[in-house]
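Results of the structural survey
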Amino acid sequence: MEQLSTAAFFPGAFQSVGDGIPAQLLFIWDTVRAPIIAPVLRVLMVLCSGLSIMLFVERIYMGVVIIGVKLLRRTPEKRYKWEAIKEDTEIGSSVFPMVLVQIPMFNEKEVYQMSIGAVCGLSWPSDRLAIQVLDDSTIPSIKSLVELECQKWADKGINIKYEVRDNRSGYKAGALKEGMKRSYARKCEYVVIFDADFQPEPDFLHRSIPFLIHNPKLALIQARWIFVNSNECMMTRLQEMSLDYHFTVEQEVGSSTHAFFGFNGTAGVWRISAIEEAGGWKDRTTVEDMDLAVRASLKGWKFLYLGDLQVKNELPSTFKAFRFQQHRWSCGPANLFRKVVMEIARNTKVTLWKKVYVIYSFFFVRKIIAHINNFLLFCVVLPATVVVPEVTIPKWGAVYIPTATTIINAAGTPRSFHLTIFWIMFENVMSLHRAKATLIGLLEGSRANEWVVTEKLGDILKAKTASKPTRTLGFRIGDRVHVTELGIGAYLFFCGCYNMLYGENNFYIFILVQSISFFIVGIGYVGTIVPSF
């Protein structure tokens, strides 16, 4: 079929502008499109199609495993020995092991009371429990408040220690490592970590510690997160959909098949001897939790995920906080992959199958491909093909496989299934930041070790709204207007309009809706707007 030129799509364009700049640009585009742009797009389309197939196969594999686990009822209690700890009448509470609870904090004004209160409410013999509040706060007033809260609980007989250090070297990893050096910490067998917004139930230790006691090869017990503010706004509902899939499927699959998964950094119980054997906490990446998990696994230790052991916590409800969190969660794993891939490949203590799982499935597919492919395919390649008629996109690669993959992901949160379309659009917007962060991590760019603590709001909005019903929103333009998103939105809008007017397919339906999503995020109309009075 005869190829259509740009001039054919824009009749009279060259005649109307003569030798002006628009005519020259159209001529250049007409000249380079077929011999240069089209071949590049074809290569990218083949690449994206291949990556999409890899993602789809991975989702199918995990779905099959989860179905098998449910049908066979392979509960943690069936796979590992578990027996409740009972106080002995002769030796009393000494039958309980010594447990250290660490709460790392950094300027957590809105949530410190909830977290400290919940941990101090754990039902464990007080003489067998030590609580550390590791405060790296830089605001003196907040440090004073946290210290007073610790003292209040200490006066009630709780063994709680307020610990500070001279600097923030190593950030969270540095604080946890420093806390382990205390003399009372060295007497403990297990350590539990809760971030400042986490609120464990009183029976948390009674349900988790017995697995470690009766199974000496287990190094880690990871609990599931549930979210107290998931209904706060649309952004938190969409985050819940992504994280529910992570906990319902990804963590469960890793635990059931290989006794390995990435430690989530909080709501987990570690065997201290396993941490020491793995080399302790390291701050070489921004995912010190995942780093420790990989190193411990390479030493032969096993991990167990308890999906029914749930801990309340807070989702970031401002777009700024969420964006920084996603940068760290995407950049860190990619940077860690760069550092440990050869170490994993050369390891002799784990099976070949487990090494393949960690390198290919855990890192390459989920932490690298998943982030880069979404942005490249849906926000760059697919829109570009509508203005390059020489390139065709197979429906299975553009529609069928992505749709099936999306349905599998969304199934993790049945109550929000009706929000799937919104979730797709928002995930594609966030793929811009995740792809960028992944490349920074792989190439170890200047922001590879950037650490920004995720802002927690606690009940700040409820309190301020109750006290002052009438409010004025105050913000800086830089915090609300995001130029990159607006630029991508404009590109998608142009491609969508072009496809609607001149295209032979209906891709404009998706492209225009996606452009609107970028515009909405670009003008900051997403997440919670924190009032300024």
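Residues numbered from 1 in each chain as written. Predicted model: local features only at pLDDT ≥ 70, side-chain atom pairs only at ≥ 80, totals over all residues. Heavy atoms only, no water.

Strand order across the open sheet formed by 7 strands is β3-β2-β1-β4-β6-β5-β7, with mixed pairing between neighbours. For this open sheet the edge positions go to β3 (160-163) and β7 (302-313), each flanked by a neighbour on one side alone. Across the sheet, the axes of successive neighbouring strands diverge by a mean angle of 20 degrees, strand direction being ignored. In this sheet, strand β2 (residues 129-135) lies alongside strand β1 (residues 99-105) in parallel orientation, the contact comprising 7 bridges. (Pairing = 2+ DSSP bridges. Helix = DSSP H or I, 4+ residues; strand = E, 2+ residues; numbered from the N terminus. Axes fitted to C-alpha atoms, helices over the stretch in contact; angles between N-to-C directions.)

The next point concerns the packing of aromatic side chains. Where two aromatic rings form a pair, the distance of their centres and the angle of their planes describe that pair. Enumeration over the complete set of coordinates arrives at 22 aromatic pairs. Their ring planes at 45 degrees and their centres at 5.2 Å tell us that W225 and F247 sit as a pair that is tilted. Linking W225 in strand β5 (residues 218-227) with F247 in helix α9 (residues 234-258), this pair joins segments that are 22 residues apart in sequence. Here W225 matches F247 in class, with each residue buried. On the basis of an interplanar angle of 65 degrees and a centroid distance of 5.9 Å, the ring pair of F378 and F510 is categorised as edge-to-face. Of this pair, F378 sits in helix α13 (residues 352-385) while F510 sits in helix α19 (residues 508-522), and the two are 132 residues apart along the sequence. Classification of F378 as buried rests on a relative accessible area of 12%. With relative accessibility at 23%, the residue F510 sits in the partly exposed group. For the cation-ring pair, K156 lies above W153, with the distance from its terminal atom to the ring centre recorded as 4.4 Å. We note K367 situated over the ring of F362; from NZ or CZ to the ring centre the distance is 5.1 Å. (Phe/Tyr/Trp six-rings, centres within 6.5 Å; stacked < 30°, edge-to-face > 60°. Buried < 20%, exposed > 50% of the residue type's maximum accessible area, 1.4 Å probe, protein only. Lys NZ or Arg CZ within 6 Å of the ring centre and 35° of its normal.)

Split by domain assignment, the protein resolves into domain 1 (37-81 + 317-454 + 478-532) and domain 2 (92-316). Put simply, the middle of domain 1 and the middle of domain 2, counted by C-alpha atoms, are 28 Å apart. Contact with domain 1, which involves 62 residues of that partner, is made by 63 residues of domain 2. Summed over both partners, the interface of domain 1 with domain 2 comes to about 5300 Å²; 66% of that surface belongs to carbon and sulfur atoms. The tally of links between domain 1 and domain 2 comes to 1 salt bridge. (Domains from an automatic or database assignment. Contact = heavy atoms within 4.5 Å. Buried area = accessible area lost by both parts, 1.4 Å probe. Salt bridge = Lys/Arg side-chain N within 4 Å of Asp/Glu carboxyl O.)

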